[in-house]
Amino acid sequence: MVSYSIKDLEHLSGIKAHTLRIWEQRYQILKPSRSDTNIRSYGDSELKLVLNIALLQDKAGFKISEIAKMSEDEISNHILELSKGQLDFPDQIQALTVAMMDLDENRFQQLTRNIVDAHGFESYMLNIIYPFMRRLGTLWLSGSVGPAQEHFISHLIRQKVISAIDSQELSLKPSAKKFLLYLPEGELHEIGLLFANYVFRARKHSVVYLGQSLPYEELLLAYNIHQPDYIFSVFTSEPNAELIQSYVNKMVEDMPATQLLLTGYQVLQKEVNIPQEIHIIPDFQALIDLANGAELTKALV
């Protein structure tokens, strides 16, 4: 079980440590463990409770004395009601964080349904899921989230994007472009690539989707068969720092008849000399602009 200090709870919830100590003493709402030297530590259940309290106080106006009397189910139901329209994007992200930490698929599904109904799928991805994934990265590095929680939530998000892709009609518009989408060999972070697939298909473009961990020779084979207008990829962890420069140089040399579009940590960092023939996508809004017909020089900054 992950252990949190009271400062960790303050950082993650925005509630001052002094206030948390008062609640602990007055309402026994938090039940820390204590070390041999009497140092408090808190578990996942305390963190989830504090995150929920922050939402209920801020958005529903509940007093801490009222929340202290609520059961876990009552708190959960109040949060779900709030998610139907009273929570702004940061609050929705916080609610999803609690669902992830609790491995609660039912709450995730309900929250997602409420958000998509209110704002649409693309807004859900841009304003909720991508900021949430950045928070997940921070929690992972701090040790606050383990592999089970990360795999759980990534699988559910992946399912949602695939479902949205499947809902698209296959008809193409007269000005449709052909996009070839892939991840390089060893790269398994697929959610961004799947969302790009959705964005292009939603705008009636043709997509050749090759998925995760594609050997370079197979990319060349697909390029020669399809002659796409664009090739898009996300380089998050692969190719690694030692290989990335030669990899992008080889792409330019081997695939001159297509527009090469790249994003991800490995190319967004400033340590790689990106050939001018490759266009770097700074964020997914730029990709949406491109799919809507913006020129590359205008869409990409």
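Residues numbered from 1 in each chain as written. Predicted model: local features only at pLDDT ≥ 70, side-chain atom pairs only at ≥ 80, totals over all residues. Heavy atoms only, no water.

Teacher, can you tell me more about the overall build of the protein here?
Within the protein, the secondary structure is distributed over 15 helices and seven strands. Counting across all 301 residues of the protein, residues that qualify as buried make up 48%. Long-range contacts, defined here as pairs at least 24 residues apart, represent 70% of the contacts in the protein between residues at least 6 apart. Of the roughly 15100 Å² of accessible surface on the protein, 49% is carried by carbon and sulfur atoms. (Helix = DSSP H or I, 4+ residues; strand = E, 2+ residues; numbered from the N terminus. Buried < 20%, exposed > 50% of the residue type's maximum accessible area, 1.4 Å probe, protein only. Contact = heavy atoms within 4.5 Å. Areas by Shrake-Rupley, 256 points an atom, 1.4 Å probe, with all protein chains shown as cover.)

Got a minute to help me understand the pairing of strand 6 (residues 259-263) in this structure?
In regular strands, side chains alternate between the two faces of the sheet. With four of five residues buried, strand 6 is to be regarded as a mostly interior element. Note on the crossover from strand 5 (residues 230-234) through helix 12 (residues 244-254) to strand 6: the handedness is right-handed. The pairing of strand 6 with strand 7 (residues 278-280) spans three bridges and is parallel. Across the sheet, Leu261 pairs through a bridge with His279, a residue of strand 7. (Right-handed = clockwise from strand over helix to strand, strands pointing away. Pairing = 2+ DSSP bridges.)

Can you walk me through the sheet that holds strand 3 (residues 178-182) in this structure?
Where strands meet in a sheet, backbone hydrogen bonds hold them as pairs that are either parallel or antiparallel. Spatial ordering of the open sheet is given by 4-3-5-6-7, a layout of five strands whose pairing is parallel. With partners counted over all chains shown, the strands left at the sheet margins are strand 4 (206-209) and strand 7, one partner each. Strand-to-strand, the axes of this sheet are offset by a mean angle of 25 degrees, without reference to chain direction. Direction of pairing for strand 3 relative to strand 4: parallel, over a ladder of four bridges. Bridging from a neighbouring strand, Lys178 pairs with Ser206 of strand 4. Helix-sheet contacts for helix 11 (residues 216-226) involve strand 3, strand 4 and strand 5, and the interaxial angle to strand 3 is about 170 degrees. (Axes fitted to C-alpha atoms, helices over the stretch in contact; angles between N-to-C directions.)

Looking at this structure, how should I read the nonpolar core?
In this structure, Met125, Phe200 and Phe232 are the most contacted members of the largest nonpolar core, which totals 71 residues. Those residues in contact with Phe200 that sit more than four places away from it in its chain are Phe179, Leu181, His205, Val207, Leu287 and Ala291. In this structure, Tyr182, Leu214, Leu219 and Ile231 belong to the second largest nonpolar core, which totals 22 residues. (Core = buried A, V, L, I, M, F, W, Y, C linked by side-chain atoms within 4.5 Å.)

Before we go on, may I ask you to explain the side chain of Thr258 in this structure?
Secondary-structure assignment places Thr258 in the loop between helix 12 and strand 6. A polar side-chain atom of Thr258 sits 2.9 Å from the main-chain carbonyl oxygen of Pro228. In this structure Thr258 touches Tyr223, Pro228, Asp229, Tyr230 and Ile231, once residues within four positions along its chain are discounted. (Polar contact = N/O pair within 3.5 Å; in protein donor to acceptor, adjacent residues only side chain to side chain.)

Whenever I open this one, the pattern of salt bridges confuses me. Can you help?
Opposite charge on two side chains allows them to pair when their charged atoms are near. One pass over the full model with this rule turns up five salt bridges. For Glu122, the salt bridge goes to Arg203, with nearest N and O atoms at 2.7 Å. Of this pair, Glu122 sits in helix 8 (residues 121-142) while Arg203 sits in the loop between helix 10 (191-202) and strand 4, and the two are 81 residues apart along the sequence. When sorted by exposure, Glu122 lands in the same class as Arg203, which is buried. Between Lys204 and Glu169 there is a salt bridge, and its shortest N-O distance comes to 3.7 Å. With Lys204 in the loop between helix 10 and strand 4 and Glu169 in the loop between helix 9 (147-166) and strand 3, the pair connects residues that are 35 residues apart, well separated along the chain. (Salt bridge = Lys/Arg side-chain N within 4 Å of Asp/Glu carboxyl O.)

Looking at this structure, how should I read helix 14 (residues 284-291)?
Owing to its 3.6 residues per turn, the α-helix aligns residues three or four sequence positions apart on the same side. Across the eight residues of helix 14, six count as buried, placing the element largely inside the fold. Those residues of helix 14 lying buried are Phe284, Ala286, Leu287, Ile288, Leu290 and Ala291. The N-capping residue of helix 14, defined by a side-chain oxygen 3.2 Å from the backbone nitrogen of Gln285, is Asp283. Of the residues trailing helix 14, Gly293 is marked for its positive phi of about 110 degrees.

Where do I start with the confidence of the model for the protein in this structure?
For any part of a model where pLDDT is low, the fine detail of the predicted coordinates should not be relied upon. In the predicted model, the protein carries a mean pLDDT of 83, and the fraction of residues at 70 or more is 89%. Across the protein, the element-wise mean pLDDT spans from 45 in helix 15 (residues 296-299) up to 96 in strand 3. (pLDDT = per-residue confidence, 0-100.)

What's the story with the packing of helix 6 (residues 89-101) against helix 9 in this structure? I'm lost.
Geometry of a packed helix pair, given as the angle between the helix axes and the separation of the axes. Remark: helix 6 packs on helix 9, axes separated minimally by 9 Å, with the N-to-C direction vectors making an angle of 120 degrees. Of the possible angle classes, the one that applies to helix 6 and helix 9 is oblique. Considering how the two elements wind past one another, helix 6 and helix 9 form a crossing that is right-handed. In this structure, helix 6 contributes Ala99, Met100 and Met101 to the contact, and helix 9 contributes Gln149, Phe152 and Ile153. (Parallel < 35°, antiparallel > 145°, perpendicular 65-115°, else oblique. Left-handed = near helix turned anticlockwise from the far one by under 90°.)

What is the right way to read the packing of helix 1 (residues 6-13) against helix 2 (residues 17-27) from this model?
At their nearest, the axes of helix 1 and helix 2 sit 9 Å apart, and the two run at 115 degrees to each other. By the criterion of interaxial angle, the relationship of helix 1 to helix 2 is roughly perpendicular. For helix 1 against helix 2, the interelement crossing comes out right-handed. Taken together, the residues of helix 2 that come into contact with helix 1 (itself represented by Ile6, Leu9 and Glu10) are Ala17, Leu20 and Arg21. Here the contact of helix 1 with helix 2 is built from residues that sort into four nonpolar, no polar and two charged. (Nonpolar A, V, L, I, M, F, W, Y, C, P; charged D, E, K, R; others polar.)

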